[in-house]
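Reading the structure
In case you want the letters, here they are:
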Amino acid sequence: MASSTRIHKPFVPETVSMRELTLRAVLLGLIMTVVLGAANAYLGLRAGMTIAATYPAAVISMAVLRGLKGSLLEENIARTAGSIGESVAAGAVFTLPAFLISHAWASFSFKDAYWKSTVLMLVGSVLGVLFVSLVRRVMVEDPELPFPESVAASEIHKAGQRGAQAAKYLFWNMGLGGLIYMLGRFGFFASDKDVLVRIGQLGSSRVSLGGADTNQIVATGGLTSFAAPSVSPAYLGVGYIIGPRLAALQFAGGVLAWGLLVPLLIYFLGPQLRAILPPNAQDTSWVDMAGAVGKYIVRPIAVGGMLVGAAHTLWRMRTSLLGGLRRAVADLKQTQEQASQLVRTERYMSSKAVFGLIGIVFLAMIALYVYFSGNVIAGIVAAIVMLILGFFFATVSGYLVGIIGSSNNPISGLTICTLVVAALLMVALGVSGKSGVTAVLGVAAVVCVSSAVAGELLQDFKVGYMLGGTPRSIQIVELIAVVVASAVMYFPLVLLHESNIIAGGTGLGDRALPAPQAGLMALLAQGIVGGNMPWPLVLVGILMGIAIIMMQVRSPMLVAVGMYLPLETTSAIFVGGIIRAIADRVCQQRGLNEAQKARVENSGVLTASGLIAGEALLGLAWAGLQFKPAWKNALIVTAHPFYTIGIAVMIGLALVMILIPLRSAGSPDEPAPPVAMM
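Read on for an overview of the structure. (Residues numbered from 1 in each chain as written. Predicted model: local features only at pLDDT ≥ 70, side-chain atom pairs only at ≥ 80, totals over all residues. Heavy atoms only, no water.)

Moving on: the overall build of the protein chain. For the protein chain, the helix and strand inventory stands at 23 helices and 4 strands. Each of the 678 residues in the protein chain was classed as buried or not, and the buried ones make up 58%. Long-range pairs, those at least 24 residues apart, make up 85% of the contacts in the protein chain with a sequence separation of at least 6. Looking at the protein chain as shown, the accessible area adds up to about 27,200 Å², and 65% of this sits on carbon and sulfur atoms. (Helix = DSSP H or I, 4+ residues; strand = E, 2+ residues; numbered from the N terminus. Buried < 20%, exposed > 50% of the residue type's maximum accessible area, 1.4 Å probe, protein only. Contact = heavy atoms within 4.5 Å. Areas by Shrake-Rupley, 256 points an atom, 1.4 Å probe, with all protein chains shown as cover.)

If you want it as structure tokens, here you go:
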């Protein structure tokens, strides 16, 4: 019987012998996974999101290995290893700070936190590789899954000359982003500015709750703060990449929080709040008071919105998710004889090895969760929950990546669902207090890292499938890379944490390092397990989230996250989105064809990625300077810089992000390149 199945032909035929899993490709990939992972850890703590490292890793591997006369498959191996650090970083920053914020861990010092952090990241990332190995073939070969970012990455590797040229956009803007960030730190301009806004007249404003003769009068009035956009190359770059619509949705959450809820609360609570301020408090003290209102009243409302947003996201994708699970179960029935007949480009690690490693990891997790919870039954239940939900959400994550790409993968939403299930189970088992919170966060951390790594690995499998790489080589280098990334990812986190404390902050969870997802995880775990959840505020947020869904807002989750983040962050990201909108508008006015628009988009994304990476890397360097205050103080120009200069810097960055990509439009007759971001 003739088959109607379309025969796949990889770019490098499976009969061709080519260097692939070489030492130089692996070493280059490991260097990139550490650097790009650390940069994304910085970005995740500050902005609450990470940026897919696939494209920078592809460009860097092209630039380095092409100069060393490396092969196409070596470049693919280096990119594969280099991009996975971002996923480990995402899992780390979304969950690990929660242990500190919730006081489940006494400190984040090396002695107290390194081995716990490393074990959680290592187990989660290894499980992500193993879980997706069980469902890889059916998803990679599914013609209904477009894998937009995988297609773009494979085309970048194919278009070698373009890849080398694109490296210029990345590296030059890394230098520019880092330079501007350091100039702000050294006081050449002010990166942030809080503006005090008077809401009524404290001491004289009144609100009547009745007619003209009523004595039901409430004293009102106070001062709130409104933060101007941060002068941040990274935030502008994030806004440029996610585009004006998503940036506007996130900023809308910031406006709801700081333009509606905080001023409203300050207006009615002002007289009470003044009573708890010091007698001689200056107006600037209201900045801290407004921050406390935002943190302890508005953020729980945002938590309710996030819960609804996460549930809505999963419900909206229910058909796709169930389809992915059915395909995964069907693939598990493949026999050993069928596997042995596969050609080189379809050979993976044996199922026996995969299941054996999963069993070993499962036993290790039982021991860890028993240690965390202090209860054998609770530890076993937590490990079982981790294994089941981990596999489920790893599959979900991989399927979502096949549809929308890893950049838009809602990892935090999947983790929230895991955390709520684990927390309710701990309560049902009678586990409470610090041990219960620790066990719940331990399950969430493993599932979060596992889901992030699974999605990225499936994307890498698809790239290898199209290029003609050997899947087993991809699995091997991924396992090596996640071990290395897990072993080192603690260090950028502790560096940022301790430097923030030295600079006068409180470390992870501070305004400078808000770690919004981790803060949400901590609040949920403490609230459900400890019984001190501010449920009325959360319920208000849930109803608000339902109302947002009824208004058919595209991403309710993004609005809720915007309420949780500092306003200076969301507004700066929004400015980046506006810059992208201006660039797109100019392209339209100039009448550029689709090929020219694709070249402009590619160079624009690489320009933005360079700005993000530059600030992130120099941000780590600045954090290191906190340990040498004499050096740092010697470099600071003034302690009172001007924000107006910062505005001029922001305008300059906008011109760079608009004009440089437009100059790469090229001739209308040139063929269209692959579009980097779909």
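There is more to say after this.
This paragraph deals with the nonpolar core. Core analysis: the biggest nonpolar cluster contains 147 residues, and Phe108, Leu120, Met365 and Tyr369 have the highest contact counts within it. In terms of residue count, helix α14 (residues 433-467) provides more of this core than any other element does, 19 residues in total. Leave out the neighbours within four places in its chain, and Leu120 touches Leu96, Phe99, Trp105, Leu368, Phe372, Gly442, Ala445 and Val446. Counting residues in hydrophobic clusters, the runner-up holds 33 residues, among them Val649, Met650, Leu653 and Ala665. (Core = buried A, V, L, I, M, F, W, Y, C linked by side-chain atoms within 4.5 Å.)

Now for the side chain of Asn173. By the element assignment, Asn173 lies in helix α6 (residues 160-185). When neighbours within four sequence positions are excluded, Asn173 is seen to be in contact with Thr607, Gly610, Leu611 and Val656.

What follows is about the environment of Phe226. Its place among the elements puts Phe226 in strand β4 (residues 222-227). Exposure remark for Phe226: the relative accessible area of 37% places this residue in the partly exposed category. Placed 61 residues apart in sequence, Phe226 and Val287 show a C-alpha to C-alpha distance of 8.7 Å.

Here we take up helix α19 (residues 556-564). The element α19 is extensively covered by neighbouring structure, given that 9 of its 9 residues are classed as buried. Among the residues making up α19, those that are buried are Pro556, Met557, Leu558, Val559, Ala560, Val561, Gly562, Met563 and Tyr564.

What the rule picks out here adds up to 14 aromatic pairs. Measuring from centroid to centroid gives 5.4 Å for Tyr114 and Tyr490, while their planes differ by 75°, and the two rings are edge-to-face. Placement of Tyr114 in helix α4 (residues 110-140) and of Tyr490 in helix α16 (residues 490-502) is noted, with a sequence separation of 376 residues between them. The class for Tyr114 is buried, based on a relative accessible area of 19%. When the ring of Phe251 is compared with that of Phe574, the centres are 4.7 Å apart and the planes differ by 15°; the resulting orientation is stacked. In this pair, Phe251 is assigned in helix α7 (residues 233-276) and Phe574 in helix α20 (residues 567-589), connecting sequence segments 323 residues apart. (Phe/Tyr/Trp six-rings, centres within 6.5 Å; stacked < 30°, edge-to-face > 60°.)

Turning to the pattern of salt bridges, a few remarks are in order. A full pass over the atoms with the stated rule returns 6 salt bridges. Among the ionic pairs, Glu75 bridges to Arg66, the shortest N-O distance being 3.6 Å. Between Arg580 and Asp584 there is a salt bridge, with its nearest N and O atoms 3.5 Å apart. Of the two residues, Arg580 and Asp584 both sit in helix α20, 4 residues apart, roughly one turn of that helix. (Salt bridge = Lys/Arg side-chain N within 4 Å of Asp/Glu carboxyl O.)

Right, let's talk about the packing of α14 against helix α17 (residues 516-530) for a bit. Angle between the axes and distance between the axes are the two parameters that describe a pair of packed helices. Where α14 meets α17, the closest approach of the two axes is 9 Å, and the angle between their N-to-C directions is 135°. Comparing their axes, α17 and α14 come out oblique. Between α14 and α17 the crossing geometry is right-handed. From α14, Gly433, Gly436, Val437, Val440 and Leu441 reach across to α17, where they touch Met521, Ala522, Ala525, Gln526 and Val529. Classifying every residue of the contact of α14 with α17 gives 7 nonpolar, 3 polar and no charged. (Axes fitted to C-alpha atoms, helices over the stretch in contact; angles between N-to-C directions. Parallel < 35°, antiparallel > 145°, perpendicular 65-115°, else oblique. Left-handed = near helix turned anticlockwise from the far one by under 90°. Nonpolar A, V, L, I, M, F, W, Y, C, P; charged D, E, K, R; others polar.)

Burial within β4 is extensive, with 5 of its 6 residues counted as buried. Relative to β4, strand β1 (residues 194-199) is paired through 6 bridges, and the arrangement is antiparallel. Across the sheet, Leu196 pairs through a bridge with Ser225, a residue of β4. (Pairing = 2+ DSSP bridges.)

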